[in-house]
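Coordinate analysis (summary)
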Amino acid sequence: MVQLLYIIASLHVLLCPFTKVEESFNIQASHDILYHRFNLSEYDHNEFPGVVPRTFIGPLVISVLSAPVVGVLHLCGINKFWMQYVVRLTLALSVIAAWSRLRSALQKQFGHTFSWWFSVISVTQYHFMFYMSRPLPNILALPLVLLAMEGWLVGRHKQFLIMSGASIIIFRSELAMLFGLYLIIDIFFKKIDLKS
């Protein structure tokens with residue numbers, strides 16, 4: 001089922017390669033990281049300031065993961081346009097890897113049938129499949145959110161706190177409402193205490 005997710009996400013990337021304006025900051029940041037590397041004076045964000053510097057963390061991670069393939073494409077003289085395919089497919093792969101871990105945790109907790117239906121529902125959701133490769137702040141946060149949910153579900157409190165904290169601080173502060181409720185539930189049912 002994981003392979004089916006990657007095939008469908010890849011089709012979305014190939015059929016709709018261009019980015020919306022909300023995605024342009026992150027795709028441009030990935031370009032600058034991959035092609036200008038440590039030459040910060042060449043970065044586009046110097047010309048068009050306005051994005052928060054912490055927003056570079058998501059593109060930085062995805063660019064580091066994409067760098068080997070982008071490097072090979074660059075050595076072969078292939079147009080930079082194809083870099084965005086690599087970056088977006090890498091982003092989709094990171095979302096799918098985190099989703100797969102959550103699915104495995106759900107299978108251990110609720111059984112094979114439940115995880116099968118979770119997979120079917122995920123694959124048939126257009127927005128999830130389309131957006132998992134789009135370089136938006138929400139999607140850059142999604143792997144951390146899925147890993148936080150996995151940690152909460154299986155009782156790995158340290159994983160839950162680190163992943164949820166990182167997703168809140170780096171990407172989306174409103175996630176504090178969601179993960180705050182999870183934390184309150186754990187404290188109420190004494191799965192975790194305030195001291196630990």
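Residues numbered from 1 in each chain as written. Predicted model: local features only at pLDDT ≥ 70, side-chain atom pairs only at ≥ 80, totals over all residues. Heavy atoms only, no water.

1. Re the overall build of the chain
Across its full length, the chain carries 10 helices and zero strands. The order of helices and strands in the chain, counted from the N terminus, is α-α-α-α-α-α-α-α-α-α. Relative to the compact-globule value of 16 Å for 196 residues, the chain shows a C-alpha radius of gyration of 18 Å, a close match. A principal-axis box enclosing the C-alpha atoms of the chain has dimensions of 55 × 35 × 25 Å. Considering the chain as a whole, with its 196 residues, one finds that 41% of them fall into the buried category. (Helix = DSSP H or I, 4+ residues; strand = E, 2+ residues; numbered from the N terminus. Rg over C-alpha atoms; globule rule 2.2 N^0.38 Å. Buried < 20%, exposed > 50% of the residue type's maximum accessible area, 1.4 Å probe, protein only.)

2. Description of the packing of helix H2 (residues 21-35) against helix H4 (residues 57-75)
Two elements in contact, H2 and H4, have axes separated by 9 Å at closest approach and are oriented at 55°. Classified by the angle their axes make, H2 and H4 are oblique. Note that H2 runs across H4; the crossing there is right-handed. In this structure, H2 contributes Asn 26, Ala 29, Ser 30, Ile 33, Leu 34 and Tyr 35 to the contact, and H4 contributes Pro 59, Leu 60, Ser 63, Ala 67, Val 70 and His 74. Taken together, the residues of the contact of H2 with H4 sort by class into eight nonpolar, four polar and no charged. (Axes fitted to C-alpha atoms, helices over the stretch in contact; angles between N-to-C directions. Parallel < 35°, antiparallel > 145°, perpendicular 65-115°, else oblique. Left-handed = near helix turned anticlockwise from the far one by under 90°. Contact = heavy atoms within 4.5 Å. Nonpolar A, V, L, I, M, F, W, Y, C, P; charged D, E, K, R; others polar.)

3. Re the environment of Val 86
Assignment of secondary structure puts Val 86 in helix H5 (residues 81-110). The spacing of Val 86 and Ala 67 is 19 residues in sequence and 9.0 Å in space, taken between C-alpha atoms. Not counting residues up to four positions away in its chain, the partners in contact with Val 86 are Ser 66, Val 69, Val 70 and Leu 73.

4. Considering the confidence of the model for the chain
Predicted coordinates in areas of low pLDDT are best not read in detail. Of all residues in the chain, 95% have pLDDT values of 70 or greater, and the mean over the chain is 88. The weakest mean pLDDT in the chain belongs to helix H3 (residues 44-47) at 70; the strongest belongs to helix H8 (residues 137-154) at 95. (pLDDT = per-residue confidence, 0-100.)

5. Things to note about a nonpolar patch on the surface
Nonpolar side chains collect at one region of the surface, where Met 1, Leu 4, Trp 116, Trp 117 and Ile 121 lie side by side and expose about 490 Å² of accessible area between them. Its location among the elements puts Trp 116 in helix H6 (residues 112-124). Given a relative accessible area of 41%, Trp 116 falls into the partly exposed group. (Patch = residues over 30% accessible without salt bridge, like charges linked within 9 Å, V, L, I, M, F, W, Y side chains within 5 Å. Areas by Shrake-Rupley, 256 points an atom, 1.4 Å probe, with all protein chains shown as cover. Salt bridge = Lys/Arg side-chain N within 4 Å of Asp/Glu carboxyl O.)

6. Re the packing of H2 against H5
Closest axis-to-axis distance for the H2/H5 pair is 11 Å, and the angle between their directions is 105°. Classified by the interaxial angle, the pair formed by H2 and H5 is roughly perpendicular. Facing H2, whose interface residues are Ile 27, Ser 30, His 31, Leu 34 and Tyr 35, H5 presents Met 83, Gln 84, Val 87 and Arg 88. By residue class, the composition of the contact of H2 with H5 is five nonpolar, three polar and one charged.

7. Points about unusual backbone geometry
Backbone geometry follows two general trends: most residues other than glycine have a negative phi, and most peptide bonds adopt the trans configuration. One non-glycine residue, Lys 190, adopts positive backbone phi at about 60°. Within the secondary structure layout, Lys 190 lies in the segment after helix H10 (175-188).

8. Overview of the nonpolar core
One finds Leu 5, Met 132 and Leu 146 to be the most contacted residues of the largest nonpolar core, which totals 34 residues. The biggest single contributor to this core is H5, with 12 residues. Not counting chain neighbours up to four residues away, the residues in contact with Leu 146 comprise Val 95, Ala 98, Trp 99 and Leu 102. Counting six residues, the second largest nonpolar core, distinct from the first, contains Val 145, Phe 160, Leu 175 and Tyr 182. (Core = buried A, V, L, I, M, F, W, Y, C linked by side-chain atoms within 4.5 Å.)

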